[in-house]
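# Summary of the model geometry
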Amino acid sequence: MATYVVVGLQYGDEGKGKITDVLSAKSDYVVRFQGGDNAGHTVYAGEEKFVLHLLPSGVLQCKGKCIIANGVVVNPKSFMKEIAQIEAKGMRTDHVFISRRAHVIMPYHILLDTYREEEEGGTQIGTTKKGIGPCYEDKIARVGIRMVDLLNPDVLAEKIRKNLKIKNSLFEKYFEKPTLDFDEIYNEFLEIGQQLKDRIVDTELELNQAIQKGDNILFEGAQALMLDIDFGTYPYVTSSSPSTGGVCAGAGVPPTSLQNLIGVAKAYTTRVGNGPFPTELNDDLGEKIRQIGHEFGATTGRPRRTGWLDLVALKHATMINGINNLVITKLDVLSGIMPLKIATKYRTEDNKIIDYFTSSTTKLYNYEPIYEELEGWTEDITDARTYDELPANAKKYIEFIEEYLGINVYLVSVGPERSQNIIRKELF
Ligand code: GDP
Ligand code: IMO
Ligand code: MG
């Protein structure tokens, strides 16, 4: 058995898509287990650029199956759009399947997400407005519509009718917005079910059998630990568990089956959306990093907030995830920035020095990071393919991270292309 889990360790956009794409070439299965089309995963395949939201980033290279498992919330319209985009580029998609248990993002979820965010005094989390939170709410409230329901006209009708009764009342009376029409939604989603019926399958049995057989299975996380519903900066988080722990509930596989837990972190930090960000750089250097690193959201196009690497947050993330292999991406972006700073502790508002992450999101706004300074390097490292080709100070940067976290960096990414990797240990 050989299982691999790739998860983000910061606030998303660490380059998980690129790493998953690289690893998927040797995978029999690539499995998304949480989140939805709020994700934006950029993959370069030669001259072609793909931005994947809902499809596993393994879709381009995996010779086996790509599975959207039960823990994902699926916007079927986004799914079909992405499938069409991939097929338009001449690539196959007949290996992509969706769990019958996965919940469906309905039009009222997207509207609810949008109205709440836009309302004065509303949530203002800075969500992607893809309906993710409202869909997971309905799942937990046990009123959600699952992919399997799209194949049963009577069940679908009853569920949409019940949901619209409440949602329409909210739209009309609370938000003072137009209501939604039953017939329109029902007919549209019934039709979607028919179009997707061959892809809607049970996935947990097959995945468990594949694990027993010893197939290579890659579980691909979206978002990241600092956006985790439990362990992130609540309420400025997403509504799922993007941790390695999320794999078990999100794909129906036991904890004992998970072996290689790969955490992906950028060599610095970015965040898109609201919420505390202790090491944020609100200055020219922050802007410089944004420009060099092309730090603009792949889903919403919003500029990403940028800042120094935060090892206090990263230690929290590696601990919750039990990471045993680290990937550091975008090291190339730091070339020429001197000196470099890394946060190793925080000073609290009552002047205490701490080296652990706090559960108090409000207090975190007032915490001041304490930095270690490292010299930096000027060389372009985008052509480096072995660790020894890196400048001494780039190696010191990597080794500083390893030492602090007590975990080896097995892959250093030095550019967006598939080949721009320094692999220090073959995992596959
Ligand atoms: P994801 O959400 O974790 O998959 O990350 P995104 O795709 O949203 O954002 C990462 C961005 O950085 C993408 O535009 C990637 O093409 C790019 N990228 C990934 N790795 C590297 C790297 O090592 N160096 C540089 N310069 N860009 C990278
Ligand atoms: P990938 O997989 C970065 C952020 C949003 C917002 C918060 C809640 O590309 O790393 P949501 O729409 O999920 O309810 O928004 O989470 N967010 C992400 N930030 N990368 C992502 O995905 C994100 N998915 C959600 O910006 O702050
Ligand atoms: Mg992204």
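Look up: the structure comes first, before these words.
The rules behind the values
Residues numbered from 1 in each chain as written. Chains lettered and ligands numbered in written order. Predicted model: local features only at pLDDT ≥ 70, side-chain atom pairs only at ≥ 80, totals over all residues. Heavy atoms only, no water. Helix = DSSP H or I, 4+ residues; strand = E, 2+ residues; numbered from the N terminus. Rg over C-alpha atoms; globule rule 2.2 N^0.38 Å. Buried < 20%, exposed > 50% of the residue type's maximum accessible area, 1.4 Å probe, protein only. Near = heavy atom within 4 Å. Polar contact = N/O pair within 3.5 Å; in protein donor to acceptor, adjacent residues only side chain to side chain. Areas by Shrake-Rupley, 256 points an atom, 1.4 Å probe, with all protein chains shown as cover. Expected span 1.5 Å × (residues − 1). Arc of directions from axis to C-beta. Contact = heavy atoms within 4.5 Å. Axes fitted to C-alpha atoms, helices over the stretch in contact; angles between N-to-C directions. Left-handed = near helix turned anticlockwise from the far one by under 90°. Nonpolar A, V, L, I, M, F, W, Y, C, P; charged D, E, K, R; others polar. Phe/Tyr/Trp six-rings, centres within 6.5 Å; stacked < 30°, edge-to-face > 60°. Parallel < 35°, antiparallel > 145°, perpendicular 65-115°, else oblique. Donors = N, O, S within 2.8 Å, 3.2 Å for Na, K, Ca; no water. Salt bridge = Lys/Arg side-chain N within 4 Å of Asp/Glu carboxyl O. Pairing = 2+ DSSP bridges.

### Describing the overall build of the protein chain
- Each helix and strand in the protein chain was counted, giving twelve helices and 20 strands.
- Against the compact-globule benchmark of 22 Å for 428 residues, the protein chain has a radius of gyration of 22 Å, which places it among compact chains.
- Considered along the principal axes of its C-alpha atoms, the protein chain spans approximately 65 × 50 × 40 Å.
- Among the 428 residues that make up the protein chain, the fraction classed as buried is 58%.

### Section: the site of ligand 1
- The local shell around ligand 1 holds 18 residues, among which Lys-16, Gly-17, Gly-40, Asp-332 and Ser-413 are the closest.
- For ligand 1, an oxygen atom lies 3.1 Å from a polar atom in the side chain of Arg-304.
- Separating an oxygen atom of ligand 1 from a backbone N or O atom of Gly-415 is a distance of 3.0 Å.
- Against a free-state accessible area of 580 Å², the protein chains account for coverage of 93% of ligand 1.

### Comments concerning helix α2 (residues 76–88)
- Compared with the 18 Å implied by 1.5 Å per residue over 13 residues, the 18 Å span of α2 between its first and last C-alpha is a close match.
- All of the buried residues along α2 are Pro-76, Ser-78, Phe-79, Glu-82, Ile-83 and Ile-86. On an axial view of α2, the arc spanned by its buried residues comes to 155°, and they lie on one face. Exposed residues on α2 whose side chains face more than 90 degrees from its buried face are Lys-81 and Ala-88.
- On its buried face, α2 is in contact with β4 (48–52), β5 (65–68), β6 (73–74), β7 (96–99), β8 (103–104) and α6 (182–196).

### Looking at the packing of helix α5 (residues 153–174) against α6
- At a minimum axis separation of 10 Å, α5 and α6 run at an interaxial angle of 140°. Crossing hand, α5 versus α6: right-handed. Contacts between α5 and α6 involve Pro-153, Leu-156, Ala-157, Ile-160, Arg-161 and Leu-164 on the former and, on the latter, Phe-182, Ile-185, Tyr-186, Phe-189 and Leu-190.
- Of the residues assigned to the contact of α5 with α6, the class counts are ten nonpolar, no polar and one charged.

### Let's talk about the side chain of Gln-34
- Relative to the helices and strands, Gln-34 resides in the loop between β2 (29–32) and β3 (41–45).
- Exposure remark for Gln-34: the relative accessible area of 2% places this residue in the buried category.
- Not counting residues within four places of it along the chain, the set of residues in contact with Gln-34 comprises Gly-71, Val-72, Tyr-136, Gly-221, Ala-222, Gln-223, Ser-240, Ser-241 and Pro-242.

### As for the packing of aromatic side chains
- Under the criterion given, the structure shown has eight aromatic pairs.
- Taking 5.5 Å as the distance between ring centres and 90° as the angle between the ring planes, the aromatic pair formed by Tyr-115 and Phe-171 counts as edge-to-face. Of the two residues, Tyr-115 sits in helix α3 (residues 107–118) while Phe-171 sits in helix α5, which places them 56 residues apart along the sequence.
- For Tyr-115, a relative accessible area of 12% puts it in the buried group.
- The interplanar angle of 65° and the centroid separation of 6.2 Å between the aromatic rings of Tyr-346 and Phe-357 together place this pair among those described as edge-to-face.

### A look at the packing of α2 against α6
- The geometry of α2 relative to α6 is characterised by a closest axis approach of 11 Å and an angle of 45° between their N-to-C directions. Taken together, the axis directions place α2 and α6 in an arrangement best described as oblique. Here α2 and α6 pass one another in a crossing that is left-handed. Across the interface between the two elements, Pro-76, Lys-77, Phe-79 and Met-80 from α2 touch Glu-188, Phe-189, Ile-192, Gln-195 and Leu-196 from α6.
- Of the residues in the contact of α2 with α6, the class split is six nonpolar, one polar and two charged.

### Re the coordination of the magnesium ion (ligand 3)
- Donor atoms from the polypeptide that bind the magnesium ion (ligand 3) are Asp-13 (OD) and Gly-40 (O), placed at 2.0 to 2.1 Å. Of this pair, Asp-13 sits in the loop between β1 (2–8) and α1 (16–24) while Gly-40 sits in the loop between β2 and β3, and the two are 27 residues apart along the sequence.

### Topic: the pattern of salt bridges
- Taken as a whole, this structure holds 23 salt bridges when the rule is applied.
- The partner of Lys-16 in a salt bridge is Glu-14, with the nearest N and O atoms 2.9 Å apart. Assigned by exposure class, Lys-16 and Glu-14 land together as buried.
- Where Glu-295 meets Arg-304, a salt bridge forms, and the shortest distance between an N and an O atom there is 2.7 Å. The pair formed by Glu-295 and Arg-304 is uniform in burial state, with each residue classed as buried.

### What about the site of ligand 2?
- Asp-13, Lys-16, His-41, Thr-128 and Thr-238 are the nearest of the 20 residues found near ligand 2.
- Within the contact set of ligand 2, an oxygen atom lies 2.5 Å away from a side-chain nitrogen or oxygen of Thr-128.
- Here ligand 2 has 550 Å² of accessible area as a free molecule, and 98% of this is covered by the chains.
- Considered class by class, the residues forming the shell around ligand 2 number seven nonpolar, ten polar and three charged.

### Thoughts on the pairing of strand β10 (residues 216–220)
- β10 sits mainly inside the fold: five of its five residues count as buried.
- Here β10 shows two buried faces, one formed by Asn-216, Leu-218 and Glu-220 and the other by Ile-217 and Phe-219.
- Here β1 runs beside β10; their pairing, made up of five bridges, is parallel. Across the sheet, residue Tyr-4 finds its bridge partner in β10, namely Leu-218.
- With four bridges joining them, β2 and β10 adopt parallel strand pairing. For Tyr-29, the partnering residue across the bridge sits in β10 and is Ile-217.

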